[in-house]
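Listed here are the chains, written in short residue letters.
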Amino acid sequence: MLSLKTLGLVALLIGVTWAYQVKPRNYHKLVEQQKKFNERFEKEFLAEHMKFTESGVKSARLEEMFEHLRQKPDMFRQELDNHPLPYQTTECTACRALVTTYLTYRRILNWDRDRIAAQAASTCDTLGILLPENCVKIIDKNIDIFLYIIDNRPSLTAQTICGVIFQSGACVLEDREFLDWTINVSPGGTPITSSKTGSNRGPNDFKIVHLTDLHYDPHYRTGYNAVCGEPCCCREAQGIPENPEEGAGEWGDYRDCDSPWKAVEDAVREAGRRHPDAAYVYHTGDIIDHGVWETTISGNVQSITRTNNLLKTVFGTTPVYNVLGNHEITPTNVFAPSHIDRPDFSPSWVYELVADQWSNWLPAATKQTILQGGFYTALVRPGFRVIGLNNNDAYTFNWWILYDPAYLRGQLQWLHDTLLEAEKAGEKVHILAHIPIGAGTSFVTWARQYRRILDRFWNTVQAHFHGHTHADEFNVFYSAANSQHAINVAFNGGGTVPFSNFNPNYIVYYVNPQTFEVTDFESFYFNLTEANLNPQRDPLWTPLYSFSQDFSIPNVSPASLDTLARRFGSTPSDLHRYWQLKVKRGDPFLQAGCDGECLLNHLCEIVTNEANDDRKCNELVSIFRQIDDDKWNW
C-alpha cells in the first residue's frame, strides 16, 4: 500500500496553504546531501522492515527510523508543499523509504491486497497519522486504486512517485514520460511587451460575489472535542471533552474543524442579503468536510445537494458559476481518467450529479464536458465568457497522474481551443478553478503547459478565481519568457470555513462592464471568537478591507499588483498589513505573529506561478533582505 505518510495521508487530510518556502542560499548543496542520505535510508529501512515482517519484532534500529519519520506537530493544517523545509525533507525521506518497501512487497514478494492493507494500517498507526481504526478506513478507501496503478505500471519507481508528489528538494521529478508531454498552442496572439494595465473602479462596474470552501460537516456538534488529536475535529464520534474550553464553538472553531450547517447557511444568506445587486456568483468548490477517512458517495451527494439548493434559494435568478473542489470526490482528490472503465474507480457519479444541479444556471451545451470531466464554458453576456475548470485532476495527490500523466493534456487542450474561439469572437474570459494555478501542488508539467496557454491568451483572460487555501490572497502571473511582465492575476476567495485558525469570509469584485477586468475587490468577514461568545445571535459580518483603498493603489490590474508586491518587498509594515488581511485577522494567527522570514514566504507566494520557478521570488528576496531595521515599525 502506497497511501502512507508521505504518499498523501497528510495531504488527504489538509487543504490549507499559508506560506511559500523561501530556499536558503546553500539549498542545492543541501539537496544533494539529502539525496545521498535518502538512498542509504531507503535501503536500510527496507532491510529492517523485511526483518520485522518475518519475525514480528521491531529492531531498535527500525524503531529509531520510524521515529525519524513521525509527524511533526501542525502538519495537518498546511498544504504539503508549504510545510517548512525540515518537514519536507523528512517527508521526502519517508516517501522514498515507504514506497520502495511496499513496491517490494507487492512486486517481488507478491503480497496480496489484505496483507498489504494490514501492514499499511500498522505503519499508519505507528507514524501517528490517524487513530488505528481510521487508519484502516483511509487505507481501505485508497488501496485498490494504488494496487491497480502499480500493477499496471511495472516501470513506476519510488523516485518517480515521490517526485510527482513533492516536485522539489531531494524528491525531484526526473522521469521524462512525466515531464515531456505538451499541448498544441496556436501561433499568433498579442505580443507581450510590458505588464498588463487596467482601469480604475467606476460607478457602472458590476459586482460578483465569490464564495468558496464552505466545508460543511454534517457530523459537527457544538461542544464536542475540538482538540481530538485527529486532522478533523468537533465531530460527534469524538465525544465531549472534560475541559469545556476544548469544546467546539457554536459557529465553528479555529481549531481543526469544519463548519456546522448553520454557519454555512449564515454565510451564504449574508452574502445574498448584503449584495442583492450582485450580477453573478462564483463558487469555487470544496463543499465536503475533511473527515476523509469516512466519506461516501451517498454522504457527499447529500451535502452537495443541500448546498446547491441553498445557493438556488438565496440567489434566485442570479447566475451561480460553480467548480468542483478536490473534496467533492471520494476517495478525496482522486479523479480517474475517463478511459478507466472500472465502475468502482469512476468519478462519473459526481459529474452526473453536478451536471444536473448546475443546469439551473448553465446552458444545456455545458452538460457534455461536465459529464466528460467536470469542466465547462458559458457565455455570460455578449463579449464575456466564463470557463470553469476541474483542475483537481492536476493536483499532485490525484493518484491517477501516476498512471497516465498525459491524460491531463485533454482538458488543457480544450481550454486552449476554447480560448482560441473566444479570441476570434472578441470575448473576454474569467477562469474559475478550485486549486490555485500557481500552487506547488499543481503538477509541474501541467502548470508549465498552462503558462504557455496564458502567455498566448493573456489579452483574452482577464482574471482567475480560486479557492482551496482558505486564505484571502492573490497571485500575480508573469510571462514565462520574461518575468518582468505581469500578465494576469488570480484572486482567492478565502473561505467561509475557519479550518484552521482563520475567520470566515467571502469576496465581492467590481468588474468593468466593457473590458470585464476586475477593478477592485472587497472582503467581508466576522470574528469567530466574538461570534462564539454570543452564540444566541447571528455573527456580526463586517468589511475586512476595500483593497485599492487600503493599499493606496489605483486598481488591481497585473501591473498595479506587481508594483504593490515590489512595495511589499521594501516596506515591511505594508507586507505585515497584507498578511493580517490574508489570514483574515484570525485570532490564533495574530497571537502567533509573523516574523521577517514568515513575511518573506508570504511575499514570494504572491509572485510564484510554478513549482521550482523562483525567479520572481529571488528578485524580491534580494530587496527584502536589504531592509534597514528602522523600517520594521509595525
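What counts and what doesn't
- Residues numbered from 1 in each chain as written.
- Predicted model: local features only at pLDDT ≥ 70, side-chain atom pairs only at ≥ 80, totals over all residues.
- Heavy atoms only, no water.
- UniProt positions renumbered as here; feature names shortened; annotations may be inferred.
- 1 Å grid on protein atoms, 1.4 Å probe; cavity = no way out; pocket = protein on both sides within 12 Å on 5 of 7 lines; lining within 4 Å.
- Points joined across faces, edges and corners; volume = space filled by probe spheres on them.
- Nonpolar A, V, L, I, M, F, W, Y, C, P; charged D, E, K, R; others polar.
- Helix = DSSP H or I, 4+ residues; strand = E, 2+ residues; numbered from the N terminus.
- Buried < 20%, exposed > 50% of the residue type's maximum accessible area, 1.4 Å probe, protein only.
- Polar contact = N/O pair within 3.5 Å; in protein donor to acceptor, adjacent residues only side chain to side chain.
- Phe/Tyr/Trp six-rings, centres within 6.5 Å; stacked < 30°, edge-to-face > 60°.
- Lys NZ or Arg CZ within 6 Å of the ring centre and 35° of its normal.
- Expected span 1.5 Å × (residues − 1).
- pLDDT = per-residue confidence, 0-100.
- Contact = heavy atoms within 4.5 Å.
- Pairing = 2+ DSSP bridges.
- Axes fitted to C-alpha atoms, helices over the stretch in contact; angles between N-to-C directions.
- Parallel < 35°, antiparallel > 145°, perpendicular 65-115°, else oblique.
- Left-handed = near helix turned anticlockwise from the far one by under 90°.
- Salt bridge = Lys/Arg side-chain N within 4 Å of Asp/Glu carboxyl O.

- Labelled according to an unreviewed UniProt entry, the protein chain appears under the name Sphingomyelin phosphodiesterase, originating from Aedes aegypti.
- Per UniProt, the protein chain has the following entry under Subcellular location (unreviewed entry): "Secreted".
- Quoted straight from UniProt, the Catalytic activity (unreviewed entry) entry for the protein chain says "a sphingomyelin + H2O = phosphocholine + an N-acylsphing-4-enine + H(+)".

## A few points about empty space enclosed by the protein
No. 1: Counted under the stated rule, the structure contains 7 cavities of 30 Å³ or more.
No. 2: Approximately 80 Å³ is the volume found for the second largest cavity.
No. 3: Lining the second largest cavity, in full, are Lys196, Thr197, Gln462, Ala463, Val489, Phe491, Glu517, Val518, Val556, Ser557 and Pro558.
No. 4: When grouped by side-chain class, the residues that make up the lining of the second largest cavity number 6 nonpolar, 3 polar and 2 charged.

## As for the environment of glutamine 449
No. 1: Tracing the backbone through its elements, the reader meets glutamine 449 in helix α15 (residues 444–456).
No. 2: Exposure remark for glutamine 449: the relative accessible area of 5% places this residue in the buried category.
No. 3: Placed 265 residues apart in sequence, glutamine 449 and asparagine 184 show a C-alpha to C-alpha distance of 9.4 Å.
No. 4: Within polar-contact distance, the side chain of glutamine 449 engages the side chain of arginine 452 at 2.7 Å.

## Some thoughts on the packing of aromatic side chains
No. 1: Taken as a whole and judged by the stated rule, the model has 41 aromatic pairs.
No. 2: Taking 5.8 Å as the distance between ring centres and 65° as the angle between the ring planes, the aromatic pair formed by tryptophan 358 and tyrosine 376 counts as edge-to-face. Placement of tryptophan 358 in the loop between α11 (348–357) and α12 (367–373) and of tyrosine 376 in strand β4 (residues 376–381) is noted, with a sequence separation of 18 residues between them.
No. 3: Judged by relative accessible area, tyrosine 376 falls into the buried class, the value being 0%.
No. 4: Across from the ring centre of tyrosine 510, 3.6 Å away, lies the NZ or CZ of arginine 201, which sits over that ring.

## Thoughts on helix α14 (residues 409–424)
No. 1: Taking 1.5 Å of rise per residue, 16 residues should cover 22 Å, and α14 covers 23 Å from first to last C-alpha, within 8% of that figure.
No. 2: Turning to α14, its buried residues number three or more, namely Gln411, Leu412, Gln413, Trp414, Leu415, His416, Thr418, Leu419, Leu420 and Ala422.
No. 3: The positive-phi residue at the C-terminal boundary of α14 is glycine 426, with phi of around 70°.

## Things to note about the confidence of the model for the protein chain
No. 1: For the protein chain, per-residue confidence averages 92 on the pLDDT scale, and residues scoring 70 or more make up 93% of the total.
No. 2: In the model, residues 1–18 has pLDDT below 50 throughout and makes 106 contacts with residues more than four positions away in sequence or in other chains.

## Focus on the sheet that holds strand β5 (residues 384–388)
No. 1: Strand order in this open sheet of 6 strands is β4-β5-β6-β7-β9-β8, and the pairing throughout is mixed. A strand with exactly one partner marks an edge of an open sheet, and here the two such strands are β4 and β8 (474–478). Neighbour-to-neighbour, the strand axes of the sheet open up by a mean angle of 25°, direction not taken into account.
No. 2: Alignment of β4 against β5, held across 5 bridges, turns out to be antiparallel. Bridging from a neighbouring strand, alanine 378 pairs with valine 386 of β5.
No. 3: Running at roughly 180° to β5, α14 makes contact with β4, β5, β6 (428–432) and β7 (461–466) of the sheet.
No. 4: Here helix α18 (residues 558–570) sits on the sheet in contact with β8 and β9 (486–492), set at roughly 80° to β9.

## A word on helix α5 (residues 113–126)
No. 1: Its 14 residues give α5 an end-to-end C-alpha distance of 20 Å, which sits within 8% of 20 Å, the value for a rise of 1.5 Å per residue.
No. 2: Taken together, the buried positions of α5 are Ile116, Ala117, Gln119, Ala120, Ala121, Thr123, Cys124 and Thr126.
No. 3: Among the residues of α5, the N-terminal cap falls to aspartate 112, whose side-chain oxygen and the backbone nitrogen of aspartate 114 are separated by 3.3 Å.
No. 4: Looking one or two residues past α5, glycine 128 carries a phi angle of roughly 70°, positive in sign.

## Describing the packing of helix α10 (residues 297–315) against α11
No. 1: Where α10 meets α11, the closest approach of the two axes is 11 Å, and the angle between their N-to-C directions is 15°. Regarding the angle of α10 to α11, the classification is roughly parallel. When the axes of α10 and α11 are compared, the crossing they make is right-handed. Contacts between α10 and α11 involve Ile297, Asn300, Val301, Ile304, Thr305, Asn308 and Lys312 from the first element and Trp349, Val350, Leu353, Val354 and Gln357 from the second.

## Here's the deal with the pattern of salt bridges
No. 1: Counted by the stated rule, this structure contains 42 salt bridges.
No. 2: Note that aspartate 180 is salt-bridged to arginine 176, the shortest N-O span being 2.7 Å.
No. 3: Between aspartate 613 and arginine 615 there is a salt bridge, and its shortest N-O distance comes to 3.0 Å.
No. 4: We classify aspartate 613 as buried; its relative accessible area is 15%.
No. 5: Accessibility expressed as a relative area gives 35% for arginine 615, which makes it partly exposed.
No. 6: Through salt bridges that share partners, Arg448, Arg451, Glu610, Asp613 and Arg615 make up one connected network.

## A look at the packing of α18 against helix α19 (residues 572–582)
Relative orientation and spacing of two packed helices are given, respectively, by the angle between their axes and the distance between those axes.
No. 1: Closest axis-to-axis distance for the α18/α19 pair is 5 Å, and the angle between their directions is 115°. Relative to α19, α18 is oriented roughly perpendicular. Contacts between α18 and α19 involve Arg567, Phe568 and Ser570 from the former and Pro572, Asp574, Leu575 and Tyr578 from the latter.
No. 2: Considered class by class, the residues forming the contact of α18 with α19 number 4 nonpolar, 1 polar and 2 charged.

## Digging into the side chain of arginine 385
No. 1: As for its placement among the helices and strands, arginine 385 is situated in strand β5.
No. 2: With residues near it in sequence (within four places) discarded, arginine 385 still touches Thr377, Ala378, Leu379, Val380, Thr418, Ala422, Glu427, Lys428, Val429 and His430.

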